[in-house]
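Descriptive structure summary
Read off the chains here:
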Amino acid sequence: MIQWLMHKDNKKFAIMQIPPCLVNEHYDDRYFDVVNAIEEAKQIFFQGTGLLEIFAAMGPGKKEFRIGETGFGAGRVLVSLMDFLGQSRFSDLSITYNSVELHPISAGRMASVLEGFRPQVGSLIDLLVSAYSKLDITRPGWHQLQFVLPFGSLILNLWIGEALEMVHALALPCDAWFLDGHGPKKNPSIWRPELLLAIGEKTGTRGTCATYTVAGAVRRGLIAAGFDIEQHPGYGGKKAVLRGIQRQCR
Ligand SMILES: C[S@@+](CC[C@H](N)C(=O)[O-])C[C@H]1O[C@@H](n2cnc3c(N)ncnc32)[C@H](O)[C@@H]1O
């Protein structure tokens, strides 16, 4: 199967061939936008949650920071984060990255899905795929991988199962959330109010969230979960994005 996409990117039109492995068969949707998805993650999720500003405000010394992600997929956001932080001035970060995946893919498929980004982040793809290949993804619940990188350390806690289970299983609240679980039309379950409320409860005071969907139901769900929400211009194929800051004391 070959699919073709017309994509508007910075006023240029590009015709991209979409490898079949990029389509998540459970939701009939791509894991991510094929055009510049690494940069897109940086703009939408890392700038959207204000990571660098938050780290800078932490002052000198070790900076512990917990991230939550809904939808691990092929790990594109994680690879992008490793690249983004590797290019920052920080060397003392201690990142805990909590993510969840209901339909885990094999390490081989992960490598195929990420293949297009090899020129940019090939060594990070190899690092993640090699570590991920050692996990028993048929076993539900927590799985852990640890990485030592130029910016500090990163622990991946990956929950194999349903997103709400993962949020309930978090012992500590997250400082930032990347909401990346397919669009609400294709996958309303990952945007349901019950889950967004649980995410709000597992967010530290002034914690942040970001997502590429500006759907009214998502906005209302995040506001109900305690976030002050703002709409900002999008990037690449996304016209607009949402950014949130947790206003409730936790
Ligand atoms: C858009 S993709 C994620 C892309 C991923 N962040 C990446 O960069 O590769 C969304 C992912 O969420 C997973 N997912 C969807 N609904 C879920 C749920 N209710 N619980 C856990 N994972 C879910 C899908 O299987 C899919 O892999």
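Everything below is about the structure printed above this text.
Residues numbered from 1 in each chain as written. Predicted model: local features only at pLDDT ≥ 70, side-chain atom pairs only at ≥ 80, totals over all residues. Heavy atoms only, no water.

Here's the deal with helix H1 (residues 37-46)
By the criterion of burial, H1 is predominantly enclosed, with eight of the ten residues buried. Burial in H1 covers these residues: Ala37, Ile38, Glu40, Ala41, Lys42, Ile44, Phe45 and Phe46. The inward-facing, buried residues of H1 contact helix H2 (51-57), helix H3 (76-86), helix H5 (118-132), strand S9 (174-179), strand S10 (203-211) and strand S12 (240-246). (Buried < 20%, exposed > 50% of the residue type's maximum accessible area, 1.4 Å probe, protein only. Helix = DSSP H or I, 4+ residues; strand = E, 2+ residues; numbered from the N terminus. Contact = heavy atoms within 4.5 Å.)

Notes on the site of the ligand
Around the ligand, the structure places 25 residues, and the nearest of them are Gly71, Glu101, Glu162, Asp180 and Asn187. At 3.1 Å, a side-chain N or O of Glu69 approaches a nitrogen atom of the ligand. Computed on the free molecule, the ligand has an accessible area of 590 Å², of which 99% lies beneath the protein chains in the complex. Counting only elements with at least two residues in the shell around the ligand, the list comes to H3 and strand S6 (93-101). Across the shell around the ligand, the residue classes break down as ten nonpolar, ten polar and five charged. (Near = heavy atom within 4 Å. Polar contact = N/O pair within 3.5 Å; in protein donor to acceptor, adjacent residues only side chain to side chain. Areas by Shrake-Rupley, 256 points an atom, 1.4 Å probe, with all protein chains shown as cover. Nonpolar A, V, L, I, M, F, W, Y, C, P; charged D, E, K, R; others polar.)

Digging into unusual backbone geometry
For Asp28, which is not a glycine, the phi torsion comes out positive at approximately 50°. Note on Asp28: relative accessible area 54%, which makes it exposed. Although it is not a glycine, Arg206 adopts a positive phi angle of roughly 65°. Of the residues examined, Arg206 reaches a relative accessible area of 53% and is grouped as exposed.

Considering the pattern of salt bridges
All chains considered together, the criterion is met by 15 salt bridges. Ionic pairing is found between Glu40 and Arg76, a salt bridge with its closest N-O pair at 3.3 Å. Of this pair, Glu40 sits in helix H1 while Arg76 sits in helix H3, and the two are 36 residues apart along the sequence. Summarising the burial analysis for this pair, Glu40 and Arg76 share the class buried. Taken together, the salt bridges that share partners define one network made up of Arg30, Asp33, Glu40, Arg76, Asp180 and Lys238. (Salt bridge = Lys/Arg side-chain N within 4 Å of Asp/Glu carboxyl O.)

Points about the pairing of S6
Among the nine residues in S6, eight count as buried, and that is most of the element. Relative to S6, strand S5 (residues 63-70) is paired through eight bridges, and the arrangement is parallel. If you follow Thr70 over to S6, its bridge partner there is Val100. Note that the unit made of S5, H3 and S6 has a crossover that is right-handed. (Pairing = 2+ DSSP bridges. Right-handed = clockwise from strand over helix to strand, strands pointing away.)

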